[in-house]
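Spelled out, the chains give:
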Amino acid sequence: MPLEIGLIGATGIAARTMLAPATTANAHVRAVAASDAVRAKEFANQHGIEVVHENYAALLADPAVEAVYISLHNSAHHRWAVRAAVAGKHVIVEKPLCLTADQVAELEFAANGTVQVTEAVATANHEWQQVVRSFIDDSRYGVLRSVRTRMTFAEPVPGGYRDQPELGGGIFYDCASYWLQAIQATVGLDSETDAVEVTGESAFDGPNGVDRSFVASLHWPDGATATLHCETGPNHLSEHLFEFEEATVKLRNFLRPVLGAVPLNLVITPTNGNREVISFAPVAYYERQLTNFVNGTSDLAEAIPRIELMDAIYNDARRRATS
C-alpha cells in the first residue's frame, strides 16, 4: 500500500517534491492544508488532491494521513514538525529542519525514536559524496586541506518570507543545509560539534536586515577548513571544490538534478598528471528523496549536528555584525 501523505502548506515546492515524484515512489498525497483555506482548495483542485483540511491541526488529526510534508516559512518548521511527531505522523520537512539547537533537541524528544524525521536536503546521498569520502579515507591525493562551496540564488520575490528575519529569511538559511550535509557526508561532522570552530560573517544589509550574502566557515583542529560563500544574484551557482595536497576535486551545478534526471561530473585535477572526469548516471533528486523516505529513511540523528552548527554560525555572524 502507498504511504498516505498530507501536505502542510500549499506551495510550489510541495508540488515539485511530493506530487510529481509520488507516482513512482509508492506514495499518495491524500490531503492538504494551508493558512488560507481558499488557496488550499485551489491547490487541491489543481493537483487532484482528495481531502482539504481547514487547518494544519485538522490535517494532523486525520487518521488516514501517515506522514506529513512541511513546506512553510522557515520559522514555522519546528513548531509543526514537533506537533506532527507528537501526533504520531512521520515527518519530512523542507530544509532547514529547524533554526536553532534548542528547537532540534525538542524535535528529537518529540520523535522519541518512534517517528521518522527527515530534513529534505534533496542533494543528500548522491554517489559523488561516497567517491569524495573514499578519496579522503585512502589519502590517494594526500591530506584534504580545504573545501570551498559557492552558491548563488536568484533575488527572492519582494515581500516574501525570505525578506523577513523573524520568519527565518535570508540566504544562509537557504544554503546552509546543502553545504553542511555535503561536508558531513565527505569530511564528517563530529557528533561533539564543539570540536569544530565556526565563524559566520554577513552585513545583514538586505531588506529588513536579512542577509543577502553570507560567509560561513568550519575550522578543524588539524588545520582543515570548509567555507561557504552564498549570496543572491543574477547567475545561479552551486559548486564544491575539495583541495587536497596533490589534487583538486570539483563538482559544478550540484543542484541541477532538482530539475529532473540530470548527470553530474566530478573533475579531478592532480598536481602532476592528467585531468580525470568521473561521470555519474542521471538522478532526479526529488524522486529519490521521496523514495528513500517511503522506504523508511530517517536522518534526524545526522540533522542534529547540522542544525547545531548552523545555529552557531548564524549567531556568530550576528555577534560580529553588532560588535
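Up top is the structure these notes are about.
Residues numbered from 1 in each chain as written. Predicted model: local features only at pLDDT ≥ 70, side-chain atom pairs only at ≥ 80, totals over all residues. Heavy atoms only, no water.

Take the sheet that holds strand 3 (residues 51–52) next. Backbone-to-backbone hydrogen bonds pair the strands of a sheet. The strands run either parallel or antiparallel. Read across the open sheet, the 6 strands follow the order 3-2-1-4-5-6; overall the sheet is parallel. In this open sheet, the two edge strands, each paired with only one partner strand, are strand 3 and strand 6 (117–120). For strand 1 (residues 3–8) and strand 4 (residues 67–70), the ladder comprises 4 bridges, and the chain directions are parallel. Opposite Leu7, over in strand 4, you have Tyr69 as the bridge partner. (Pairing = 2+ DSSP bridges. Helix = DSSP H or I, 4+ residues; strand = E, 2+ residues; numbered from the N terminus.)

This next bit is on the pattern of salt bridges. The final tally for this structure, using the stated rule, is 15 salt bridges. In this structure, Asp174 engages Arg162 in a salt bridge whose closest nitrogen and oxygen atoms are separated by 2.7 Å. Taken as a pair, Asp174 in helix 7 (residues 171–186) and Arg162 in the loop between strand 7 (144–153) and helix 7 lie far apart in primary sequence, 12 residues in all. What makes Asp174 buried here is its relative accessible area of 6%. Assessed through its relative accessible area of 33%, Arg162 is described here as partly exposed. A salt bridge links Arg319 to Asp316, with the shortest nitrogen-to-oxygen separation between them at 3.6 Å. With Arg319 and Asp316 both in helix 9 (residues 300–322), this residue pair falls 3 residues apart, about one helical turn. Under the relative-accessibility criterion, Asp316 is labelled buried at 11%. Sharing partners across several salt bridges, the network here consists of Lys95, Arg162 and Asp174. (Salt bridge = Lys/Arg side-chain N within 4 Å of Asp/Glu carboxyl O. Buried < 20%, exposed > 50% of the residue type's maximum accessible area, 1.4 Å probe, protein only.)

The terminal C-alpha atoms of helix 7 lie 23 Å apart, and with 16 residues this matches the ideal 22 Å at 1.5 Å per residue to within 8%. Remark: the principal bend of helix 7, roughly 25°, maps to Ser177. Within helix 7, 15 of the 16 residues are buried, which leaves the element mostly enclosed by the surrounding structure. Of the residues trailing helix 7, Gly188 is marked for its positive phi of about 100°. (Expected span 1.5 Å × (residues − 1). Bend = angle between axes of the 7 residues up to and from the residue.)

Here we come to the sheet that holds strand 13 (residues 262–270). Strand order in the open sheet formed by 8 strands is 8-9-10-7-11-12-13-14, and the pairing between neighbours is mixed. The two strands at the open ends of the sheet, each matched to only one other strand, are strand 8 (197–201) and strand 14 (276–283). Strand-to-strand twist in this sheet, taken as the mean axis angle between neighbours without regard to direction, amounts to 10°. In terms of strand pairing, strand 7 meets strand 10 (residues 225–232) through 8 bridges, oriented parallel. (Axes fitted to C-alpha atoms, helices over the stretch in contact; angles between N-to-C directions.)

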